Amino acid sequence: MKLSRFAALASSLLLAAGAALFGAGQASAAADFGYVALGDSYSSGVGAGNYDGASGNCKRTTRAYPALWAAAHAPQTFAFTACSGARTDDVLSGQLGPLNSGTDLVSITIGGNDAGFSDVMTTCVLQSEATCLSRINDAKAYVTNTLPGKLDAVYNAIDGRAPNARVVVLGYPRFYKLNGTCTAGLSETERSAINGAADHLNATIAKRAADHGFTFASVVSAFTGHEICSGSAWLHSVNWLNIGESYHPTAAGQSSGYLPAFTNAA
């Protein structure tokens, strides 16, 4: 009986020691983990509110998916350089500083501003349907002919600075639910064309990301049922009192749209 109890005690101690060592290994791995969040307003969190005053016009917020992910996973280092209005050249010139060989994870949304989507939306809201559709076609032509090279430059730079990192490239949502609750504003033809342009942009980004060995995370399915005109939108429609937040994810869009897509990919 005594030997049995001794054996049980010894077994318990060995299991406890193993668990402690395993837990220490996990803690060490977590402590060595570095995450860098790059990109434009969809990554900085424009539209979600509660902006960090120290980030200035970049409008970074703790409600953005990178900050939410970092809060949940507690990496040892977290660099948040995404900035509202950023284009590919801005990422190259001002956001890559924190990247190094010890960076384990990188996230980025980029390409929408290069394609001129802000101008597309302004044109479509203020001008005729024909002018809107023409501007959309111009944007799609840019995405086809020019944006791939711009994305390659960014992706090459990321890979060069952080060769060991898992890189997650996130896409953009479709803006509109067709035949939805909206009774005024853009025509269904315009809304459909804008959605089609978003799909074209996402397909281009996804192809370039894949060719660089990066992971593309689509948010289209997450936002389905939560587009503008859905009655439960996770995107701001045009906001004349705060025009910069127009067509950006709300706090719910960040936490329930972007965050799960990133978490699954990361």
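For the structure, see preceding data.
Cut-offs and rules
Residues numbered from 1 in each chain as written. Predicted model: local features only at pLDDT ≥ 70, side-chain atom pairs only at ≥ 80, totals over all residues. Heavy atoms only, no water. Helix = DSSP H or I, 4+ residues; strand = E, 2+ residues; numbered from the N terminus. Contact = heavy atoms within 4.5 Å. Patch = residues over 30% accessible without salt bridge, like charges linked within 9 Å, V, L, I, M, F, W, Y side chains within 5 Å. Areas by Shrake-Rupley, 256 points an atom, 1.4 Å probe, with all protein chains shown as cover. Salt bridge = Lys/Arg side-chain N within 4 Å of Asp/Glu carboxyl O. Buried < 20%, exposed > 50% of the residue type's maximum accessible area, 1.4 Å probe, protein only. Expected span 1.5 Å × (residues − 1). Bend = angle between axes of the 7 residues up to and from the residue. Pairing = 2+ DSSP bridges. Axes fitted to C-alpha atoms, helices over the stretch in contact; angles between N-to-C directions. Parallel < 35°, antiparallel > 145°, perpendicular 65-115°, else oblique. Nonpolar A, V, L, I, M, F, W, Y, C, P; charged D, E, K, R; others polar.

1. Let's talk about the environment of threonine 77
Here is step 1: One can find threonine 77 in strand E2 (residues 77-80).
Here is step 2: Along the primary structure threonine 77 and glycine 34 are separated by 43 residues, whereas in three dimensions their C-alpha atoms are 4.7 Å apart.
Here is step 3: In contact with threonine 77, not counting residues within four places along its chain, are Phe33, Gly34 and Tyr35.

2. A closer look at a nonpolar patch on the surface
Here is step 1: Residues Leu126, Trp240 and Ile243 make up a contiguous nonpolar surface patch of roughly 380 Å² in combined accessible area.
Here is step 2: Secondary-structure assignment places tryptophan 240 in the loop between helix H9 (220-223) and helix H10 (251-265).
Here is step 3: With a relative accessible area of 58%, tryptophan 240 lands in the exposed category.

3. Brief notes about H10
Here is step 1: Relative to the 21 Å expected for 15 residues at 1.5 Å per residue, H10 spans 20 Å between its end C-alpha atoms, a close match to the ideal helical length.
Here is step 2: At leucine 259, H10 shows its largest bend, some 35 degrees, and a proline, proline 260, comes one to four positions later.

4. Quick look at the sheet that holds E2
Here is step 1: Ordered in space as E2-E1-E3-E4-E5, the five strands form an open sheet in which the pairing is parallel. Strand pairing shows two members of the sheet lacking a second neighbour, E2 and strand E5 (215-217), which therefore form its edges. When strand polarity is set aside, the average angle formed by the axes of neighbouring strands in this sheet is 15 degrees.
Here is step 2: Pairing analysis gives three bridges linking strand E4 (residues 166-170) to E5, with the strands arranged parallel.

5. Some points on the pattern of salt bridges
Here is step 1: Under the counting rule described, the total for this entry stands at seven salt bridges.
Here is step 2: Between arginine 135 and aspartate 119 there is a salt bridge, with the nearest N and O atoms lying 2.5 Å from each other. Taken together, the residues arginine 135 in helix H6 (residues 129-145) and aspartate 119 in helix H5 (residues 117-126) connect sequence positions 16 residues apart.
Here is step 3: Judged by relative accessible area, which is 39%, aspartate 119 ranks as partly exposed.
Here is step 4: The partner of arginine 174 in a salt bridge is aspartate 199, and the shortest N-O contact between them spans 2.8 Å. Within this pair, whereas arginine 174 is found in the loop between E4 and helix H8 (188-211), its partner aspartate 199 is found in helix H8, the two being separated by 25 residues in sequence.
Here is step 5: Residue aspartate 199 is classed as partly exposed on the basis of its relative accessible area, which comes to 29%.
Here is step 6: Put simply, Asp152, Lys207, Arg208 and Asp211 are held in one network by salt bridges that share partners.

6. Considerations on the packing of H6 against H8
Here is step 1: At a closest axis distance of 10 Å, the pairing of H6 and H8 adopts a crossing angle of 5 degrees. The angle between H6 and H8 places the two elements in the roughly parallel class. On the side of H6, the interface is formed by Glu129, Cys132, Leu133, Ile136, Lys140, Val143 and Thr144, while H8 contributes Thr189, Glu190, Ala193, Ile194, Ala197, His200, Leu201 and Thr204.
Here is step 2: Partitioned by chemical class, the residues of the contact of H6 with H8 number eight nonpolar, four polar and three charged.

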